[in-house]
Amino acid sequence: MSDDTVRALRTADEEAAGRRREQRGWYFYDWACSVYSTSVLTVFLGPYLTEIAKAAADADGYVHPLGVPVSAGSFFAYTVSASVLVSIFVMPMAGAAADRSGRKKPLLAAAAYLGAGATAGMFFLDGDRYLLGGFLLIVANASLAVSMVLYNSYLPQIATPEERDAVSSRGWAFGYAAGALVLVANLVLFLAHDTFGVSEATAVRICLASAGVWWGAFTLVPLRRLRDRVAPPSETAGRGWRQLASTVRDMRRHPHTLAFLLAYLVYNDGVQTVISQASVYGSEELGLGQSTLIVAVLLVQLLAVAGALGMGRLARTYGAKRTIMGSLVAWTVTIGAGYFLPSGAPVWFFVLAAGIGLVLGGTQALSRSLFSHLVPAGKEAEYFSAYEISDRGMAWLGPLLFGLTYQLTGSYRDAIISLVAFFVIGFALLARVPVRRAVRDAGNLVPDRI
């Protein structure tokens, strides 16, 4: 074996070792921030903020943020929608800044710690401070969205095409594992709050704030492991919305990438709305207690770990596109069944939670990895900015529809069944995307299964 061959093999081994080190660090941002999505957005904040809004409501059950009459039962859903609109505004600026400087890590740190700080500040959410709760929710959600733009844009840089489904799935699995671990601690504190000498409301506030502390602490791991890659000047010329417009124009040269984003925008809105509104549906419509909701979400987290890894394996056999489409069928059946759940029956709510958990992680992980194949090399940050906008871009519509439906009908059942449309339409749009051709058009190698 020649010296050149030996040096080439040594270099390849070193590059592989470096990729694995970055991948392990990358997983830990999912581990860090997913606790916010689980404990705060999915479990505690919806019912708690709804109760605070009801405490501040007038005799007709309305609060008046900025002078606008809003049903107290819809305030949380509307605030989630507002946070999404703010996210859409700030994400292109974050993507542009990352592309201009080539320094994603400082921006990732700034977004992560702003979000973690806002979440920790939820400890002070009590009495009738519904406006404070809404403000902190908007800041935390927008910060999470910006950080995810930067985080996701690392995927094509730290994983080869054949590795991405597995790496993305492991990241989601790490996140769900962290969510389950912290949720167990939350459940102990919530159920035994008297033993710890705190009220139920104080226990909820501690659970909310602890998610922010966890988010900030574990963000240190990816900040130490990931490395910045400086982009050529020609790839960092845009600014904010100007760059987003340039990215969209560039995507017109890759219409199949754009078609995938449209499909993802639709079906992911259904996913995000189910995540954020499930606890409100369980508490307000089904009359379930907070401890039941925590156990149900814990079940989702545990099964989502297995689901993400299992669907990653299915993707190696059937391809990511077919696996995602199968998950959308499962989403449609599961949410449709949710409409018929009897009130005050925790067992059936647990069955619903199990169905959601089995498809949740895989749908998100495989969507991210599939999109990474459709990104032209050197344009990761700006394309993942557009991806995250698709992630959030219509995610205001689902909560808005949910809130409006409840405000008009007074029924959370009608609100939950309306979400089925997002999965059906998303399935139809995704079915029309020729993903192999899309990968080739982006100038990337086509994996054996995709």
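Residues numbered from 1 in each chain as written. Predicted model: local features only at pLDDT ≥ 70, side-chain atom pairs only at ≥ 80, totals over all residues. Heavy atoms only, no water.

Peer 1: Outline the packing of aromatic side chains, listing residues and values.
Peer 2: Summed over all chains, the structure comprises 21 aromatic pairs. Considering the side-chain rings of Phe 260 and Tyr 264, the 6.2 Å spacing of their centres and the 15 degrees angle between planes classify their relative orientation as stacked. Taken together, the residues Phe 260 and Tyr 264, both in helix α10 (residues 255–285) and four residues apart, mark about one turn of the helix. Residue Phe 260 is classed as buried on the basis of its relative accessible area, which comes to 0%. For the pair Phe 260 and Phe 371, a centre-to-centre distance of 6.2 Å together with 20 degrees between the ring planes defines the contact as stacked. On the criterion of sequence distance, the pair formed by Phe 260 in helix α10 and Phe 371 in helix α13 (residues 346–373) is long-range, its members being 111 residues apart. Members of the aromatic cluster, connected to one another through ring pairs, are Trp 26, Tyr 27, Phe 28, Tyr 29, Trp 31, Tyr 151, Phe 174, Trp 214 and Phe 218. (Phe/Tyr/Trp six-rings, centres within 6.5 Å; stacked < 30°, edge-to-face > 60°. Helix = DSSP H or I, 4+ residues; strand = E, 2+ residues; numbered from the N terminus. Buried < 20%, exposed > 50% of the residue type's maximum accessible area, 1.4 Å probe, protein only.)

Peer 1: Describe in detail the packing of helix α6 (residues 164–191) against α13, supporting the description with residues and values.
Peer 2: Two elements in contact, α6 and α13, have axes separated by 8 Å at closest approach and are oriented at 145 degrees. As α6 packs across α13, the resulting crossing turns out to be right-handed. Touching Arg 164, Asp 165, Ser 168, Ser 169, Gly 171, Trp 172 and Tyr 176 of α6 are Leu 360, Gly 361, Gln 364, Ala 365, Leu 366, Arg 368, Ser 369, Leu 370, Ser 372 and His 373, all from α13. For the contact of α6 with α13, the residue count by class is six nonpolar, eight polar and three charged. (Axes fitted to C-alpha atoms, helices over the stretch in contact; angles between N-to-C directions. Left-handed = near helix turned anticlockwise from the far one by under 90°. Contact = heavy atoms within 4.5 Å. Nonpolar A, V, L, I, M, F, W, Y, C, P; charged D, E, K, R; others polar.)

Peer 1: Give a description of a positive patch on the surface that names residues and reports values.
Peer 2: A contiguous patch of positive charge, built from Arg 20, Arg 21, Arg 24 and Arg 224, is present on the exposed surface. In terms of residues, the positive patch owes the most to one element, helix α1 (residues 3–56), which gives three residues. With respect to the secondary-structure elements, Arg 24 resides in helix α1. (Patch = residues over 30% accessible without salt bridge, like charges linked within 9 Å, V, L, I, M, F, W, Y side chains within 5 Å. Areas by Shrake-Rupley, 256 points an atom, 1.4 Å probe, with all protein chains shown as cover. Salt bridge = Lys/Arg side-chain N within 4 Å of Asp/Glu carboxyl O. Lys, Arg positive; Asp, Glu negative; His and termini not counted. Charge placed at Lys NZ, Arg CZ, Asp CG, Glu CD.)

Peer 1: Hey, could you go over the side chain of Ser 367 for me, with residue numbers and the actual values?
Peer 2: Relative to the helices and strands, Ser 367 is located in helix α13. Residue classification places Ser 367 among the buried positions, given a relative accessible area of 0%. Here the side chain of Ser 367 touches Thr 363 through a polar contact of 2.7 Å, landing on its backbone oxygen. Ser 367 has contacts with Phe 260, Tyr 264, Tyr 267, Ile 324 and Tyr 387, leaving out every residue within four places of it along the chain. (Polar contact = N/O pair within 3.5 Å; in protein donor to acceptor, adjacent residues only side chain to side chain.)

Peer 1: Before we move on, can you summarise the packing of α10 against α13 with the specific residues and values?
Peer 2: The description of two helices packed together rests on the angle between their axes and the distance between the axes. Packing of α10 against α13 brings their axes to within 11 Å, and their N-to-C directions diverge by 150 degrees. When the axis of α10 is compared with that of α13, the two are roughly antiparallel. At the point where α10 passes α13, the crossing takes the left-handed sense. Contacts between α10 and α13 involve Thr 257, Phe 260, Leu 261, Tyr 264, Tyr 267, Val 271, Gln 272, Val 274, Ile 275, Ala 278 and Gly 282 from the former and Phe 349, Ile 356, Leu 360, Thr 363, Gln 364, Ser 367, Leu 370 and Phe 371 from the latter. Partitioned by chemical class, the residues of the contact of α10 with α13 number 13 nonpolar, six polar and no charged. (Parallel < 35°, antiparallel > 145°, perpendicular 65-115°, else oblique.)

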